[in-house]
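Listed below, chain by chain, are the residues.
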2 protein chains.
Amino acid sequence: MTAAQILPAPPDWIAVDWGTTHLRATAMGAAGPLAQASSNDGMGTLTPAQFEPALIALIGPWLTAPTKILACGMVGSRQGWAEAKYRTVPCAPLDANALTRVQTHDPRLIFHIAPGLRQDNPADVMRGEETQIAGALALNPDYDGVMCLPGTHSKWVHISAGEVVSFQTFLTGEMFALFSQQSVLRHGIAPDGFDGAAFDLALSDALSRPEKLGARLFSLRAEGLLANLSPIAARSRLSGLLIGMEFAAAKPYWLGQNVTLIGAPTLCDIYAHALLQQGITPQTLNAADCTLAGLSKLKGAL
Amino acid sequence: MTAAQILPAPPDWIAVDWGTTHLRATAMGAAGPLAQASSNDGMGTLTPAQFEPALIALIGPWLTAPTKILACGMVGSRQGWAEAKYRTVPCAPLDANALTRVQTHDPRLIFHIAPGLRQDNPADVMRGEETQIAGALALNPDYDGVMCLPGTHSKWVHISAGEVVSFQTFLTGEMFALFSQQSVLRHGIAPDGFDGAAFDLALSDALSRPEKLGARLFSLRAEGLLANLSPIAARSRLSGLLIGMEFAAAKPYWLGQNVTLIGAPTLCDIYAHALLQQGITPQTLNAADCTLAGLSKLKGAL
């Protein structure tokens, strides 16, 4: 958590990334970011009436006058502060004409939420990633190819002519968390560390035999009992198995394509390592940078 | 929970099935079962010193003299009451010469634990299922073929000439529990109910495209949001996806083989339904009956 401090001059506007588990705000001036603040008041912990107090608790010191705030993420979901209805692909990732204005009690807040994207067939949704994609396109305006956003719900996105053409979401990160923390495997999985050789073997195995997942998972347990498999090797194999299965299914996205990774640096490093094994050299962008670039692009279009 | 009552005559011996989450005892007479008792004092909730009190709390009324007790299951694991070291396949599922005698404070308890089985390559283990297999073989002495024991950790077992030749464990049931109860899918999954058409489509899809698992899981969430997917259909699709992936990997076990299912009736029904789609007509045995038959066979060999 980082609390906001009073600024020498009021911000022009405030960018807000409000996800399930976090709330991050950036005070913006004419030349860019002035200050940042964050808290754990994610959408998942708040009832609708608690969003405004949580926001004011975080950024109150910045609010000396009515201030435009642009937000993205799960704050706009049906269980969020106010629903910002999905836009349907194919379309540009963000549209300044499709924001949801939220009525607030505090007159200093002029609060807008950017909507997520939906795809009807196969059914899929995103919220927050569309802003990262818009930011990546703002940083690389003529980009054509694929963006991969690894995370709890990893997304592979086909980009052409500035639009999201199609996308597919994988439960990879959530599976990793469930298996490593909640399953019978949890006692044999290290909390961190990376064994490249163990990862590579598991990645290649899952790419060629993805149906073996359930058996390979139990093997981690059995090898822990019978052969003293190290917890770091077990963690790396679990990661390789799940990313390998994702890569097997996402092959139409990455094969022979430009690939840009957008995400947390540690996770992007693992995905980049795995893509290099497949002969793909990705470009990597930081997710927080992309979110800010996306919201800034949106602000410029208002 | 069912408590034990005082019997008209003392039992000849007592059969105990002591797993991670349950403790079940059967008082045995010359002609078979006399009475049953069960509690939730599974191995997972007990420290080593708590096993003897938990057992006496359950079967105290049956103990009028020193009584032989034969137990199987996780009670014999390293985290159990006393470790009963695995026997290595290929071997008969049980061996009366390989029991672990546990020293007790109460002189009425003559407590023995049957060991589980291990396979070194690929590494795999079982505890409790070996007794069900022994029971199934006692009921069908000349059986050659495959036994499938669906459950938290489903097992496929190749049986020949009265021995376990090889086996493979799948995390299928635990994955089902994690995804349906702990993941983002949990709000859209019914607690029970079965939609056969939804199950069959998912089963067939996972058999042919097992690598799609992570994407198909997220689709359950997205279709819930966008297309009002029913919670019973979602539950049945989740089940079909996971069993389909297991069947894809276990194909060398079941293809063209005699298959016997051993497990809880509801789960065996689903597996039998899925096997019929593959042209396999399985025989089904009740797991509790097999455990008792296995321990009885062991008692007869002492």
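Keep in mind that this is a model prediction, so the values were computed, not measured.

(A) Representation of the overall build of chain A in the model. Regarding its fold elements, chain A presents 8 helices and 14 strands. On C-alpha atoms alone, chain A measures out to a radius of gyration of 21 Å, which is about the 19 Å that the 2.2 N^0.38 rule sets for 302 residues. With the C-alpha coordinates of chain A rotated into their principal frame, the extents come out at 65 × 40 × 35 Å. Going through the 302 residues of chain A one by one, you find that 58% of them count as buried. Sequence separation of 24 or more characterises 66% of the internal contacts of chain A that already satisfy a separation of 6 or more. A total of about 12300 Å² of accessible surface is found on chain A, and carbon and sulfur atoms cover 52% of it.

(B) Region of the structure containing the packing of helix α2 (residues 129-139) of chain B against helix α8 (residues 287-301) of chain B. All names here are of chain B. Closest axis-to-axis distance for the α2/α8 pair is 6 Å, and the angle between their directions is 80 degrees. If you check the angle between α2 and α8, you find them roughly perpendicular. Of α8, the residues touching α2 (which contributes Thr131, Gln132, Ala134, Gly135, Ala136, Ala138 and Leu139) are Ala287, Cys290, Thr291, Ala293, Gly294, Leu295 and Lys297. Split by residue class, the contact of α2 with α8 holds 8 nonpolar, 5 polar and 1 charged.

(C) The pattern of salt bridges, seen in detail. By the definition in use, this model includes 16 salt bridges over all chains. We note a salt bridge from Arg24 of chain B to Asp17 of chain B, for which the minimum N-O separation is 3.2 Å. Residue classification places Arg24 of chain B among the partly exposed positions, given a relative accessible area of 40%. Residue Glu211 of chain B pairs with Arg209 of chain B through a salt bridge whose shortest N-O separation is 2.8 Å. The exposure class assigned to Glu211 of chain B is buried, which follows from its relative accessible area of 11%. One connected set of salt bridges, linked through shared partners, spans Arg78, Glu83 and Lys85 of chain A.

(D) Structural view of the packing of aromatic side chains. All names here are of chain A. A full pass over the atoms with the stated rule returns 19 aromatic pairs over all chains. With 5.2 Å between their ring centres and 50 degrees between their planes, Phe194 and Phe199 make a pair best called tilted. Look at Phe194 and you get partly exposed, because its relative accessible area is 40%. Classification of Phe199 by relative accessible area gives buried; the value is 0%.

(E) Molecular detail of the sheet that holds strand β1 (residues 13-18) of chain A. Residue and element names in this part refer to chain A. Judged by pairing direction, the sheet is mixed, and its 6 strands sit side by side in the order β3-β2-β1-β4-β7-β6 without closing on themselves. The open sheet is flanked by β3 (32-39) and β6 (100-102), the only strands paired with a single partner. Neighbouring strand axes in the sheet, compared pairwise and without regard to direction, differ in orientation by 25 degrees on average. Summarising the sheet, β6 and strand β7 (residues 109-113) pair through 3 bridges and their orientation is antiparallel. Along β7, the bridge assignment pairs Thr100 with Ile113.

(F) Representation of the relation of the copies chain A and chain B within the structure. Overlaying chain A with chain B gives an RMSD of 0.1 Å, the required rotation being 180 degrees about an axis along which the chain moves by 0.0 Å. The superposition of one copy onto the other is thereby described by a two-fold rotation axis. Comparing interface residues between copies, 100% of those in chain A also sit at the interface in chain B, which points to an isologous, same-surface contact.

(G) Spotlight on the interface of chain A and chain B. Chain A puts 39 residues into the contact, and the matching count from chain B is 39 residues. Roughly 3500 Å² of surface becomes buried between chain A and chain B when both sides are summed, with 70% attributable to carbon and sulfur atoms. When the area that chain A buries against chain B is broken down by residue, the three leading residues are Glu211, Phe218 and Leu226 of chain A, summing to 19%. One can count 0 salt bridges joining chain A with chain B. At the boundary of chain A with chain B, the tally comes to 6 residue pairs in polar contact (both at pLDDT 80 or more). The element that contributes the greatest number of residues to the side of chain A that touches chain B is helix α5 (residues 213-227) of chain A, accounting for 11 residues.

(H) View of the sheet that holds strand β11 (residues 154-160) of chain B. All names here are of chain B. Spatially, the 5 strands line up as an open sheet ordered β12-β11-β10-β13-β14, and their pairing is mixed. This sheet does not close on itself; its edge strands, each paired only once, are β12 (163-170) and β14 (283-286). Taking the axes of each pair of neighbouring strands and ignoring which way they run, one obtains an average angle of 20 degrees across the sheet. The pairing of strand β13 (residues 259-263) with β14 spans 4 bridges and is classified as parallel. Along β14, the bridge assignment pairs Gly263 with Asn286. In the packing of helix α7 (residues 265-277) onto the sheet, contacts are made with β10 (145-149), β11, β13 and β14, and the angle to β13 comes to roughly 155 degrees. Contacting β13 and β14, α8 crosses the sheet at an angle of about 70 degrees to β14.

(I) Fine view of the pairing of strand β13 (residues 259-263) of chain A. All names here are of chain A. With 5 of 5 residues buried, β13 lies mostly within the body of the structure. Residues Val259, Leu261 and Gly263 line one face of β13 and the alternating positions Thr260 and Ile262 line the opposite face, and both faces are buried. The parallel pair β13 and strand β14 (residues 283-286) is bridged by helix α7 (residues 265-277), and the resulting crossover is right-handed.

(J) Representation of the domain arrangement of chain A in the model. According to the domain assignment, chain A consists of domain 1 (13-127) and domain 2 (170-286). Inter-centroid distance (C-alpha atoms) of domain 1 of chain A to domain 2 of chain A is 32 Å.

(K) Up close: the state of the cysteines. Applying the stated criterion across every chain yields a total of 0 disulfides over all chains. Here Cys72 of chain A stays free of any disulfide, with the sulfur of Cys290 of chain A as its closest cysteine sulfur at 11 Å. Free of any disulfide, Cys91 of chain B has its nearest cysteine sulfur in Cys72 of chain B, 15 Å distant.

(L) Geometry of α7 of chain A. Residues and elements named next belong to chain A. For α7, built from 13 residues, the straight-helix expectation of 18 Å at 1.5 Å per residue is met to within 8% by its first-to-last C-alpha distance of 19 Å. Looking at α7, one finds that the buried residues are Cys268, Ile270, Tyr271, Ala272, Ala274 and Leu275. A positive backbone phi angle near 85 degrees is found at Gly279, which sits one or two residues after α7.

(M) Highlighting unusual backbone geometry. Residues and elements named next belong to chain B. With an omega of 0 degrees, the peptide bond running from Val89 to Pro90 counts as cis. Note that the residue after Asn121, namely Pro122, is joined by a cis bond; omega there is -5 degrees. Structurally, Pro122 is set in the loop between β8 (117-120) and β9 (123-126). Backbone geometry at Ala161 places phi at a positive 50 degrees, although glycine is not the residue there. Among the secondary structure elements, Ala161 is positioned in the loop between β11 and β12. On the accessibility criterion, Ala161 (68% relative accessible area) is exposed.

Reading guide: rules and limits
Residues numbered from 1 in each chain as written. Chains lettered and ligands numbered in written order. Predicted model: local features only at pLDDT ≥ 70, side-chain atom pairs only at ≥ 80, totals over all residues. Heavy atoms only, no water. Helix = DSSP H or I, 4+ residues; strand = E, 2+ residues; numbered from the N terminus. Rg over C-alpha atoms; globule rule 2.2 N^0.38 Å. Buried < 20%, exposed > 50% of the residue type's maximum accessible area, 1.4 Å probe, protein only. Contact = heavy atoms within 4.5 Å. Areas by Shrake-Rupley, 256 points an atom, 1.4 Å probe, with all protein chains shown as cover. Axes fitted to C-alpha atoms, helices over the stretch in contact; angles between N-to-C directions. Parallel < 35°, antiparallel > 145°, perpendicular 65-115°, else oblique. Nonpolar A, V, L, I, M, F, W, Y, C, P; charged D, E, K, R; others polar. Salt bridge = Lys/Arg side-chain N within 4 Å of Asp/Glu carboxyl O. Phe/Tyr/Trp six-rings, centres within 6.5 Å; stacked < 30°, edge-to-face > 60°. Pairing = 2+ DSSP bridges. Least-squares fit on C-alpha atoms with pLDDT ≥ 70 in both. Buried area = accessible area lost by both parts, 1.4 Å probe. Polar contact = N/O pair within 3.5 Å; in protein donor to acceptor, adjacent residues only side chain to side chain. Right-handed = clockwise from strand over helix to strand, strands pointing away. Domains from an automatic or database assignment. Disulfide = S-S within 2.5 Å. Expected span 1.5 Å × (residues − 1).

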